[in-house]
Amino acid sequence: MPSTATRTTPAGQRSRVVHHPHALTDRSLSFLVRQAHRAFVAKLADRLLPHGVSVAEWAVLRRLWQQEGFTQVDLADRMRVRKASLTAVLASLERKGFMRRTRRGEDLRKYHLFLTKGGRELKEKLLPIGVAINREAVAGIDPDDAAQVAFLLEQVIANLEGR
């Protein structure tokens, strides 16, 4: 018998989240996470458009704002994406003048990724966009509940990644 959790929706209706391994319905966790992801991405894409930055470029910039000097392989690992999927994104950021690749150290085959002045300056404009979208996403949700959701999603990710 599948287990269920009941919650109250904003309209006061009861909603059931189905926890059954074969219940891939529009109430399943995987479906809801995917829908939430799509909503975040759509909102982010709309707000980044005036700045000429794609969602994929935003993801790379966010990492490089935290720390520069990664190789493409290191960046892909930290972003949990395939190295090949970054190639076009990095080329685009480089063409736009937001990032440069530099050979460093003893292994001259490896390029390290660094932001340009323009890439660093984007942080002031773009980071508040992400913060605002996150605020919108949790509007009307108790902060403790939002923190619990984040904690549980971290657990889901760890479970699925085998950690």
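In this text the structure is predicted, and so the values were computed from the model without any measurement.

Q: Just to check I follow, could you spell out a nonpolar patch on the surface for this structure?
A: There is a patch of nonpolar side chains on the surface, built from Leu29, Val33, Val149 and Leu153 and spanning about 290 Å² of accessible area. When contributions to the nonpolar patch are tallied by element, the ones reaching two or more residues are helix 1 (29-48) and helix 6 (143-160). Examined against the element boundaries, Leu153 turns out to sit in helix 6. Given a relative accessible area of 33%, Leu153 falls into the partly exposed group.

Q: For this particular structure, what's the right way to read helix 2 (residues 55-66)?
A: Owing to its 3.6 residues per turn, the α-helix brings residues three or four apart onto one side. Taking 1.5 Å of rise per residue, 12 residues should cover 16 Å, and helix 2 covers 17 Å from first to last C-alpha, within 8% of that figure. Burial in helix 2 covers these residues: Glu57, Trp58, Val60, Leu61, Leu64 and Trp65. Within helix 2, the buried residues cover an arc of 165 degrees as seen down the axis, which keeps them to one side. Check the buried side of helix 2 and you find it contacts helix 1, helix 3 (72-79), helix 4 (83-95), strand 3 (99-103), strand 4 (111-115) and helix 5 (117-137).

Q: So what exactly am I meant to see when it comes to the packing of aromatic side chains here?
A: Remark: the centre distance and the inter-plane angle together describe each pair of aromatic rings, the angle taken between the planes. Taken as a whole, this structure holds 1 aromatic pair when the rule is applied. Between Trp58 and Trp65 the ring centres are 5.8 Å apart and the planes differ by 80 degrees, which places this aromatic pair in the edge-to-face class. Using a relative accessible area of 11% as the deciding quantity, one classes Trp65 as buried.

Q: Can you walk me through the nonpolar core in this structure?
A: Nonpolar side chains tend to gather and get buried jointly when the protein is soluble and globular. Formed by 24 residues in total, the largest nonpolar core has its most connected members in Val60, Leu61, Leu75 and Leu126. Secondary structure elements with two or more residues in this core: helix 1, helix 2, helix 3, helix 4, strand 4 and helix 5. Here this core gets 5 residues from one element, more than from any other, and that element is helix 2. Apart from the residues lying within four places of it in its own chain, the contact partners of Leu126 are Leu48, His51, Val53, Trp58, Leu61 and Trp65.

Q: Any chance you could explain the pairing of strand 4 here in plain terms?
A: Most of strand 4 sits out of view: 4 of its 5 residues are buried. In this structure, strand 3 lies alongside strand 4, joined through 5 bridges in antiparallel fashion. Residue pairing in the sheet places Arg103 in a bridge with Tyr111 of strand 4.

Q: What's the story with the layout of surface pockets in this structure? I'm lost.
A: Volume-wise, the second largest pocket comes out at about 170 Å³. Forming the walls of the second largest pocket are Thr71, Gln72, Val73, Lys83, Arg101, Arg109, Lys110, Tyr111 and Leu113. A breakdown of the residues in the lining of the second largest pocket according to their chemical character gives 3 nonpolar, 2 polar and 4 charged.

Q: Help me understand helix 5, please; the structure alone is not making it clear to me.
A: Over its 21 residues, helix 5 extends 31 Å from the first C-alpha to the last, a length consistent with the 30 Å expected when each residue adds 1.5 Å. The largest bend along helix 5 measures about 40 degrees and falls at Glu124, with the proline Pro128 one to four residues further on. Within helix 5, the full set of buried residues consists of Gly119, Leu122, Leu126, Ile129, Gly130 and Ile133. Turning to helix 5, the residues buried within the fold contact helix 1, helix 2 and strand 4.

About the thresholds
Residues numbered from 1 in each chain as written. Predicted model: local features only at pLDDT ≥ 70, side-chain atom pairs only at ≥ 80, totals over all residues. Heavy atoms only, no water. Patch = residues over 30% accessible without salt bridge, like charges linked within 9 Å, V, L, I, M, F, W, Y side chains within 5 Å. Areas by Shrake-Rupley, 256 points an atom, 1.4 Å probe, with all protein chains shown as cover. Salt bridge = Lys/Arg side-chain N within 4 Å of Asp/Glu carboxyl O. Helix = DSSP H or I, 4+ residues; strand = E, 2+ residues; numbered from the N terminus. Buried < 20%, exposed > 50% of the residue type's maximum accessible area, 1.4 Å probe, protein only. Expected span 1.5 Å × (residues − 1). Arc of directions from axis to C-beta. Contact = heavy atoms within 4.5 Å. Phe/Tyr/Trp six-rings, centres within 6.5 Å; stacked < 30°, edge-to-face > 60°. Core = buried A, V, L, I, M, F, W, Y, C linked by side-chain atoms within 4.5 Å. Pairing = 2+ DSSP bridges. 1 Å grid on protein atoms, 1.4 Å probe; cavity = no way out; pocket = protein on both sides within 12 Å on 5 of 7 lines; lining within 4 Å. Points joined across faces, edges and corners; volume = space filled by probe spheres on them. Nonpolar A, V, L, I, M, F, W, Y, C, P; charged D, E, K, R; others polar. Bend = angle between axes of the 7 residues up to and from the residue.

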